[in-house]
Each structure stands twice: as structure tokens, then as C-alpha cells.
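Structural characterization, general
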Amino acid sequence: MTDTNGTSRVHQAAINGTLEGRGPVDPAWSARVRRLAEERGAVILAHNYQRPEIQEVADHVGDSLALARLAASSSAPVIVLCGVYFMAETAKILSPSRTVLIPDAGAGCSLADSITADQLRAWKAEHPDAAVVAYVNTSAAVKALADVCCTSANAAEVVSAIPASREVLFLPDQFLGAHVRRVTGRENLHVWAGECHVHAGISPQALREMATANPEAELYIHPECGCGTSALWQAGTGDLPASRTRVLSTGGMLEAAKSSQATAVLVATETGMLHQLRKANPAVRFEPVNPHATCHYMKMITPAALERCLRDGETEVFVDADVAAQARRAVEAMITIGPATASGSGPGSGSGSGSGSGPVGGASASGSGPGPVGAASGPGSGPVGTASASVPAPAAAR
């Protein structure tokens, strides 16, 4: 297959179970998966949060932005998306003529479920002139109502590309939205109060306790985390090391890990990311802030499910043609906006990169607890924040 970008040697090593730093890989299973993928003409894309053995056998491993770009550029007739369902929908939106398979169609996302198309229509009606920025962790139906999508790797760039005078509706993640508001300084940014249940469970207290126990460690914090704003506030007050506290997408974490000189890094994101980080820099001790931060949806993609998917061609992903056409504009706009290096990787070389945010320096936030989005009082769903601004004429209603 042309999409493997020269990874045949790595695939053979995975089959042999000999790759340095990797956990045990069943060589018979690896061989079957690679044979079935070749027979079906399939490229296997895996998210950073997948099980290690799934990451090992995939053609490419990356964050959401990298996988979207790979799906858009792939020439393979079949794309197997090892991730959650909205990622497979995104691949189908970008590659409508190709067959897109997901090993388990039940692999959902609590964040994507936190807003529906009807809820977004109602919110847009309250702010008819606003630009709608939808995090990629949304359904195809929600993407179809958005002006542009984003990932954690390029959310700030996407929002910054919108004229400053125009209101923005940012959805659905309240913690990423708070991060974008802080980075851009944008006051006319309304944020939906959704959350990823896994990232919301990484608490400020857990981060503080881990940082205290590991005073020399660097801190990598995903912007979906409930501890993110608290961490930046604590860095601003000196309670956490400002020069070593970084808010990063998973791709940004990988890039930072490759050049890290730290003895230890505390990682606040889903634990599947540790596999890529440890491979990228074996000299560094990477530890989870919350060892229980595991997404059961991501882990539904088991070795057996992947093999069955390739053998039987199940489960194929379909997106209504009209919905896909409307969503495609928003998704294609997303993949053209930074970071330019988010290209994904073959197995053995890590994930797609994304710059995220660097050291926080003296950054501060208006509160020290999780969920600092306007008037939001908890993790439920609903629009939050009340800032407004004069805006230009709205785009055509959808």
C-alpha cells in the first residue's frame, strides 16, 4: 500500500514482536492484521489513546487533526479508523468515495454527546450573527451547522482567524473553550458547557499532589482537562513551576517529549498517550496525573475487533450526503489552519504533531477550580458566558 510511507520494516518488526520499548505483541495476530489490511487495500489509522497493540499495528498514529489530514490525503480504497465514532464520521466526510470502517460502532464520546444539532440550532438563533466553531469531537450533524471545526492543536488559531469584532460560539468543551478564551484574550467568545468525562476527572488536587511529589517534573496538560485553568492560575501564583507547566494537544505533547531534558514528566490526559511519549523519549519517566484516566470508548477497539473489522468489512460508516456536504466545508477549513506540522506518523515514530501552548510563564486565570466558563456552575450541558460584541452580517443561515 502506498499509504504506509515506508513502514514495512516497522510492520515486520511488530509482527516479530521485537520493537524496543513496546509491550508484548502477539506475532500471529499482527501478521493476520497486516495480511488482511493488504488484501482489503486498507490503511489503518489509530488515535493516540488507543490500546498499545492497536497503535503498534496501525499504519499511522496521531491526534485528531493528524488523522483528519491523513484521511483527506489517503489514496487507500478503505480507511479503518481505530478511534471513536465521530473520528470515523470525519474520515467519511473528508473521503466520501472511500469505504470507512470502524472496528466497534459503539465506540462513542461523552463530549460529542454533550450537544445535539437541535441544541446548536437554538443557540445559533440566540446569536444569529455569530461564527460557530465546533470542536472536532462532535457529530456530523453538529459539524454541518458550524462555520469551522477545530481540534485542541489548532483551536486558538481557528478562533484567531475570525474577525475580532464577530461573536464566536465555541462548542462543546468548556475547558478547551476557557483555554482558547485565555490564549486569544477574546471576550466575545461564548462557550458551551460540555466536557469529556475522562479529562474532567483529572482534578486540580491530583495535579497539585503529583507536582508536589515530583518537584523536578515537567507538566503536560491537555486543554480538555478539568485541572487546566487551575494549573495556569497556580503557575501564575508560583504554586506550580511556570516554566515547566505546559498546556498541549496530544500532538504537542509528543513534540515536546522528543526534546525534553527532564527526568520526569507528569501527563494530564488519557493514559493511552503514555505509550507514544515513552517511545519518543525512553530516557524520561512519563507518569499519568490520574492513572485511572482511561476512556472505555477508546478501549472498545480491541485486537479481536480490529481483526474482525478487516476480515468481515464491518462496521462501515455512512454519513447522509447533504449533512456530509455541509460538514465538509467546516472540516476542510479546520485542516488548513495550523499547526502545519500535524501530519501523523507511521508506527514506531509517534503521533501527528501540534504546537499547543508553550510554558505558561506568568499566565493567570480568573479562578482556581475546574469549569471556569462564564457563568457555568458545573459540568452539565448548555451555553455559558454573556459577553457580546457588534458583528458583521451573518453568513447564510443553515
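Here we summarise the structure given alongside this text. (Residues numbered from 1 in each chain as written. Predicted model: local features only at pLDDT ≥ 70, side-chain atom pairs only at ≥ 80, totals over all residues. Heavy atoms only, no water.)

1. Describing the overall build of the protein chain
The number of helices and strands found in the protein chain is 16 helices and 13 strands. A total of 398 residues make up the protein chain; the buried ones form 58% of that total. For the protein chain, the exposed surface amounts to about 14,600 Å²; the carbon and sulfur share of it is 51%. (Helix = DSSP H or I, 4+ residues; strand = E, 2+ residues; numbered from the N terminus. Buried < 20%, exposed > 50% of the residue type's maximum accessible area, 1.4 Å probe, protein only. Areas by Shrake-Rupley, 256 points an atom, 1.4 Å probe, with all protein chains shown as cover.)

2. What about the sheet that holds strand E1 (residues 42-47)?
Strand-to-strand pairing in sheets goes through backbone hydrogen bonds, with the strands running parallel or antiparallel. An order of E2-E1-E3-E4 is seen for the four strands of this open sheet, with the pairing classed as parallel. Lying at the two open borders of the sheet, with one neighbouring strand each, are strand E2 (60-62) and strand E4 (99-101). On average, each strand axis in the sheet is tilted by 25° relative to the strand beside it, whichever way the strands run. One ladder, built from three bridges, connects E1 with E2; its direction is parallel. Its bridge partner being in E2, Ala46 is matched across the sheet by Val61. With respect to the sheet, helix H5 (residues 85-94) is in contact with E1, strand E3 (78-82) and E4, its orientation differing from that of E4 by roughly 175°. (Pairing = 2+ DSSP bridges. Axes fitted to C-alpha atoms, helices over the stretch in contact; angles between N-to-C directions. Contact = heavy atoms within 4.5 Å.)

3. Regarding helix H4 (residues 64-73)
In an α-helix, one turn spans 3.6 residues; hence positions three or four apart end up facing the same way. Most of H4 sits inside the fold, with eight of its 10 residues counted as buried. Looking at H4, one finds that the buried residues are Ser64, Leu65, Ala66, Leu67, Ala68, Arg69, Leu70 and Ala71. In this fold, the buried residues of H4 make contact with E1, E2, E3, H5 and helix H16 (321-336).

4. Describing the sheet that holds strand E9 (residues 218-221)
Read from one edge to the other, the open sheet built from four strands follows the order E10-E9-E11-E12, with strand pairing classed as parallel. Two strands in the sheet have a free side with no partner beyond their single neighbour: strand E10 (245-247) and strand E12 (285-288). Each strand axis lies, on average, 20° off the axis of its neighbour in the sheet, ignoring direction. Where helix H13 (residues 250-259) meets the sheet, it contacts E9, E10, strand E11 (264-268) and E12, and its direction lies at approximately 160° from that of E9.

5. Considerations on the environment of Gly106
Locating Gly106 in the fold gives a position in the loop between E4 and helix H6 (117-126). Taking the C-alpha atoms as reference points, Gly106 and Tyr297, 191 residues apart in sequence, are found 7.7 Å from one another. Filtering out sequence-adjacent residues up to four positions away, Gly106 remains in contact with Tyr297 and Met300.

6. Comments concerning unusual backbone geometry
Cis geometry marks the peptide bond from Leu171 to Pro172; its omega dihedral reads -5°. Between Glu314 and the following residue, Thr315, the backbone shows a cis peptide bond with an omega angle of 0°. Along the chain, Thr315 turns up in the loop between helix H15 (303-312) and H16.

7. What about the nonpolar core?
In this structure, Val80, Val133, Phe170, Leu171, Phe286, Leu306 and Leu310 are the most contacted members of the largest nonpolar core, which totals 118 residues. What Val80 contacts, discounting residues up to four positions off in sequence, is Ala42, Val43, Ile44, Leu45, Leu101, Pro103, Leu306, Cys309 and Leu310. (Core = buried A, V, L, I, M, F, W, Y, C linked by side-chain atoms within 4.5 Å.)

8. Describing H16
The end-to-end C-alpha separation of H16 is 22 Å, in line with the 22 Å expected for 16 residues at 1.5 Å each. Helix geometry: H16 is bent most strongly at Arg328, by close to 30°. Buried residues of H16: Ala324, Ala327, Ala330, Val331, Met334 and Ile335, and no others. The elements touched by buried residues of H16 are H4, H5, helix H7 (140-143) and strand E6 (148-150). (Expected span 1.5 Å × (residues − 1). Bend = angle between axes of the 7 residues up to and from the residue.)

9. Observations regarding the pairing of E1
Of all six residues that make up E1, six are buried, and the element is covered over most of its length. When E1 meets E3, the two strands line up parallel, connected through five bridges. The partner of Ala46 across the bridge, within E3, is Cys82. Viewed along the sheet, the connection from E1 through helix H3 (residues 52-57) into E2 turns out right-handed. (Right-handed = clockwise from strand over helix to strand, strands pointing away.)

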